[in-house]
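The chain contents come next:
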Amino acid sequence: MTKKILICLCLILSLCACTSSSVETATTDESEVVETTEDSQSDEEETTEENDEDSTETDDNESGASSETTTKSNNSKSSTSNSSSTSSQSSNSNSNKTSSNNTSSNNQSNTSTSSDNTTEDSTIYCTYTIDCSSILSHTDALESNYQVPSNGIIYSQTMEIEDGDTVMSLLKRTGVSTDISLGYVKGIDGLYEFDCGSESGWTYSVNGVKPNVGASKYSVSDGDVIKWIYVVSRSEW
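For clarity, every value in this text was computed on a predicted model and none was experimentally measured. Note that residues are indexed from 1 along each chain, following the sequence as it is written. Note on the predicted model: pLDDT of at least 70 is required for a residue's local features to be given, and 80 or more for side-chain atom pairs to be given and counted; whole-chain, interface and lining totals, by contrast, use all residues. Computation of side-chain values covers all heavy atoms of the structure but excludes hydrogens and water.

**A word on the overall build of the chain**
Part 1 of the reasoning: Secondary structure follows DSSP: runs of H or I at least 4 residues long count as helices, runs of E at least 2 residues long count as strands, and numbering of each begins at the N terminus. What the chain contains, in helices and strands, is 2 helices and 7 strands.
Part 2 of the reasoning: Moving toward the C terminus, one meets the helices and strands of the chain in the order α-β-β-α-β-β-β-β-β.
Part 3 of the reasoning: The buried label applies to any residue whose accessible area, calculated with a 1.4 Å probe on protein chains only, is under 20% of its type's maximum; exposed applies above 50%, and partly exposed to all values in between. Counting only residues that meet the buried cut, the chain has 19% of its 237 residues in that class.
Part 4 of the reasoning: Here, residues are in contact when the closest pair of their heavy atoms is within 4.5 Å. Restricting to contacts in the chain with at least 6 residues of sequence separation, those with at least 24 account for 62%.

**Considerations on the pattern of salt bridges**
Think of it this way: side chains of opposite charge can pair up when their charged atoms draw near.
Part 1 of the reasoning: We define a salt bridge as a contact between a side-chain nitrogen of Lys or Arg and a carboxyl oxygen of Asp or Glu at a distance within 4 Å. Under the counting rule described, the total for this entry stands at 2 salt bridges.
Part 2 of the reasoning: Across the salt bridge formed by Arg173 and Glu162, the nearest N and O atoms sit 3.9 Å from each other. Of the two residues, Arg173 sits in helix H2 (residues 167-173) while Glu162 sits in the loop between strand E2 (153-161) and H2, which places them 11 residues apart along the sequence.
Part 3 of the reasoning: Each member of the salt-bridge network shares a partner with another, and the members are Glu162, Asp165 and Arg173.

**Remarks on the packing of aromatic side chains**
Part 1 of the reasoning: Two rings from Phe, Tyr or Trp (for Trp, the six-membered ring) form a pair when their centres are within 6.5 Å of each other. A pair whose planes differ by under 30 degrees is stacked, one over 60 is edge-to-face, and the rest are tilted. If you walk through the whole model with that rule in mind, you get 2 aromatic pairs.
Part 2 of the reasoning: On the basis of an interplanar angle of 70° and a centroid distance of 5.1 Å, the ring pair of Trp202 and Tyr230 is categorised as edge-to-face. Taken as a pair, Trp202 in strand E6 (residues 201-206) and Tyr230 in strand E7 (residues 225-231) lie far apart in primary sequence, 28 residues in all. Each member of the pair Trp202 and Tyr230 is classed as buried.

**Structural notes on the nonpolar core**
Across soluble globular proteins, nonpolar side chains have a tendency to be buried as a group.
Part 1 of the reasoning: For this analysis, a nonpolar core means a set of buried residues of the types Ala, Val, Leu, Ile, Met, Phe, Trp, Tyr and Cys, connected via side-chain atoms within 4.5 Å. Ranked by internal contacts, the top residues of the largest apolar core, which has 29 residues, are Tyr128, Ile130, Val167, Trp202 and Trp228.
Part 2 of the reasoning: Looking at this core, the elements with two or more residues in it are strand E1 (124-131), E2, H2, strand E4 (184-188), E6 and E7.

**Notes on a nonpolar patch on the surface**
Part 1 of the reasoning: Only residues whose relative accessible area exceeds 30% and that take part in no salt bridge are eligible for patches, with like-charged residues grouped when within 9 Å of each other and nonpolar side chains (Val, Leu, Ile, Met, Phe, Trp, Tyr) grouped when within 5 Å. A 1.4 Å probe and the Shrake-Rupley method give the accessible areas. Residues count as covered only by the protein chains that appear here. Together, Ile5, Leu6, Leu9 and Ile12 line one region of the surface with nonpolar side chains, adding up to about 370 Å² of accessible area.
Part 2 of the reasoning: Tracing the sequence through the fold places Leu6 in helix H1 (residues 2-121).
Part 3 of the reasoning: Judged by its relative accessible area of 48%, Leu6 is partly exposed.

**Brief notes about the state of the cysteines**
Part 1 of the reasoning: For the purposes of this analysis, a disulfide is any pair of cysteine sulfur atoms at a distance within 2.5 Å. This model, assessed by the stated rule, comprises 0 disulfides.
Part 2 of the reasoning: The thiol of Cys196 is unpaired, and the distance to the nearest cysteine sulfur, on Cys132, comes to 9.9 Å.
Part 3 of the reasoning: Among the residues examined, Cys196 registers a relative accessible area of 2% and is labelled buried.

**Observations concerning the side chain of Ser200**
Part 1 of the reasoning: On the secondary structure map, Ser200 appears in the loop between strand E5 (191-192) and E6.
Part 2 of the reasoning: Polar side-chain contacts of Ser200 include one of 2.7 Å to the backbone oxygen of Gly197.
Part 3 of the reasoning: There is a polar contact of 3.1 Å between the side chain of Ser200 and the side chain of Tyr230. Identification of polar contacts relies on pairs of N or O atoms within 3.5 Å, with a donor-acceptor requirement for protein atoms, meaning one able to donate a hydrogen and the other able to accept it, and with residues adjacent in sequence counted only if both atoms are side-chain atoms.

**Remarks on the pairing of strand E3 (residues 178-181)**
Part 1 of the reasoning: Paired strands, as defined in this entry, are two strands with at least two bridges between them according to DSSP. Here E3 runs beside E4; their pairing, made up of 4 bridges, is antiparallel. Bridged to Thr178 within E4 is Ile188.
Part 2 of the reasoning: Hairpin remark: E3 followed by E4, antiparallel, with 2 residues in the connecting loop; positive phi at Leu182, about 55°.

Take a look at the structure:
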């Protein structure tokens, strides 16, 4: 009986020892599992932190690259703007030079024109007319075969005045035939004094006024209007 009890106790102790060993083993396994899980989580956190750091560095690099690109773009724009400004200034400078050259050319042209005008202005002129229209209303009194022009005008031109010219010297330069004796005009273009009555003959006027001196003594001035007129009666002198 005692032996049986001892055997039972041994079995019970043996079972308890086995159970305790199993529990310890299980506890150890669970502890290892927990540690493995914690290590895995720790590795994952480290990986996440590294990825975050890498992402941050990448973002920083991209930001830096973008900043450098923007800076280069701004520098390029600034350079282009400066180049455009320089080109504009150069264009304005060339335009100013061209304008200055044109102004100088215009001034020279104006000076040349003024000089030419001065040269032209140094030449003076007068209007010279030979008129026998008074005979048209006295053709029945005409005693010669002179052919009176239809309008009574023998000559009418603008003549250049030379130094020392007189009414008489210009008459000789008209090219119209004249008969002059001692400074006295007897006939012009074949029409003589007394051809249309005893009071008919040639007289002259300057600017509508009949001078009191002979034609050979009257000096001509610029712009004078000189007219030789054939009169039929003394009342027309």
